[in-house]
Amino acid sequence: MEYFWQHKNFPNFQFKVDDLISQIQEFAVELGEVNGLFVNVSEENKKEILLQIVVSEALKTSEIEGEYFSREDVMSSLQKQLGISDYPTLSKDKKAQAISELMLQVREDYQNPLTLDMLKKWHQTLMKFDKTVTDGEWRSSAEPMQIISGRAGKIEVHFEAPPSKDLQKLLIDFENWYQNFSYHEIGQVGRAMLRAAMVHLYFETLHPFEDGNGRIGRALSEKALAETLEKPILISLSKKIEENKSVYYETLKITQRKQDISEWLQYFFNILIEAQREVKETVLFVVEKALLFDRLKGKLNERQEKALRKMTEKGKEGFEGGMTAKKYMSINKICYLFKIKSGNFNFNSNFLTLFLLIGKN
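Residues numbered from 1 in each chain as written. Predicted model: local features only at pLDDT ≥ 70, side-chain atom pairs only at ≥ 80, totals over all residues. Heavy atoms only, no water.

Pairing between side chains of opposite charge can happen when their charged atoms approach one another. By the definition in use, this model includes 24 salt bridges. Among the ionic pairs, Lys-60 bridges to Glu-63, the shortest N-O distance being 3.2 Å. Of the two residues, Lys-60 and Glu-63 both sit in helix α2 (residues 43-64), 3 residues apart, roughly one turn of that helix. The exposure class assigned to Glu-63 is buried, which follows from its relative accessible area of 12%. A cluster of three or more residues bridged by salt bridges with shared partners is formed by Glu-26, Glu-30, Glu-33, Arg-277 and Lys-280. (Salt bridge = Lys/Arg side-chain N within 4 Å of Asp/Glu carboxyl O. Helix = DSSP H or I, 4+ residues; strand = E, 2+ residues; numbered from the N terminus. Buried < 20%, exposed > 50% of the residue type's maximum accessible area, 1.4 Å probe, protein only.)

What follows covers the environment of Leu-114. Looking at the secondary structure, you find Leu-114 in the loop between α4 (94-108) and α5 (116-127). Beyond its immediate chain neighbours, meaning those up to four positions away, Leu-114 contacts Leu-119, Phe-174, Glu-175, Tyr-178, Gln-179, Leu-220 and Lys-223. (Contact = heavy atoms within 4.5 Å.)

The next thing to look at is the environment of Leu-308. Along the polypeptide, Leu-308 turns up in helix α12 (residues 302-312). Measuring from C-alpha to C-alpha, the distance between Leu-308 and Phe-293 comes to 9.1 Å, with 15 residues separating the pair along the chain.

Attention shifts here to the layout of surface pockets. Looking at the second largest pocket, its volume works out to about 520 Å³. Along the walls of the second largest pocket sit 22 residues, with Glu-65, Ile-147, Glu-204, His-207 and Tyr-249 positioned nearest its centre. By residue number, the principal contributor to the lining of the second largest pocket is helix α10 (residues 245-255), which donates 5 residues. Along the lines of polarity and charge, the residues of the lining of the second largest pocket split into 7 nonpolar, 6 polar and 9 charged. (1 Å grid on protein atoms, 1.4 Å probe; cavity = no way out; pocket = protein on both sides within 12 Å on 5 of 7 lines; lining within 4 Å. Points joined across faces, edges and corners; volume = space filled by probe spheres on them. Nonpolar A, V, L, I, M, F, W, Y, C, P; charged D, E, K, R; others polar.)

A few words on a nonpolar patch on the surface. A cluster of nonpolar residues, Ile-148, Ile-155 and Val-157, forms a patch on the protein surface that exposes about 230 Å² of accessible area. As for its position among the elements, Ile-155 is in the loop between β1 (146-149) and β2 (156-160). (Patch = residues over 30% accessible without salt bridge, like charges linked within 9 Å, V, L, I, M, F, W, Y side chains within 5 Å. Areas by Shrake-Rupley, 256 points an atom, 1.4 Å probe, with all protein chains shown as cover.)

Here we come to the packing of aromatic side chains. If you walk through the whole model with that rule in mind, you get 21 aromatic pairs. For the pair Phe-13 and Tyr-202, a centre-to-centre distance of 5.9 Å together with 75 degrees between the ring planes defines the contact as edge-to-face. Pair noted here: Phe-13 is in the segment before α1 (21-38) and Tyr-202 is in helix α7 (residues 187-206), with a separation of 189 residues, a long-range link. Grouping residues by exposure puts Phe-13 and Tyr-202 together as buried. (Phe/Tyr/Trp six-rings, centres within 6.5 Å; stacked < 30°, edge-to-face > 60°.)

Now the structure itself:
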């Protein structure tokens, strides 16, 4: 079987720009709405919005690869790095710290030219606590790098990456391709979308590291968006990909066997649009949460406020299982019972109903 990296014209990808115009316009509208909402929120709320989105991306980009972290570990690591100290907890999961650091490193690097050294540094950050992988080094094994499934005797090869001996030249070509990316004729937003979709496909095809390629590849898409739009962007691509990752892998598999990448672009552009809509919902949630706390200012004791903050820290996904007396006592580290009076605060009812427990000290 011939993969498209084996084609003599690689990486001259084939597609029709006209087929993408409606999706570019749709994403531009969503992007404009998010920017309009975000510019009018307070600095404190901007930090919370950023925290919610980066936590989501860190968790979901890892889950796509079958690695699971607790939200609390990722959250605490990011809170520390962002200087957010409301009820902090100390994360002891080193790998959770690593993915958190990578997320912020990618955001900080958005203006810097993409280089192979940058990719190695990202990989060092991601893999520095993984003893099974040499961090910051390209794969060097003579064995083929294959994406497979099945069991012994019934193995299916979904994709085979270029051999390690060819990587150095291929990676130099990749770096040059990215730095000289054109398509200015479709506007800044369209160019950003196209660059994000194509760089991910190109990088995943080369598969240059022993492990971590998916996470680095998705980080590359975020950088491509931000660099081309000339500002950091609020988006969690991995959350939308993870919701149906079988489609993600199947679309990659199909595209990597032909020169025409139209199907991949259609898929990835839809992910971009859905992810930006998700960000809009997050911004609206945080704004409404701030309004709720303003309305309740001076009406809550310290324990009630702490419980309410805990209930809203996961954003629009809500507080799993609802609030109970037992959870309230655990959050506040108390071991006696008190009279509970409950009231319902429902804001943006599609997202979350808060159950605020009002009790005696």
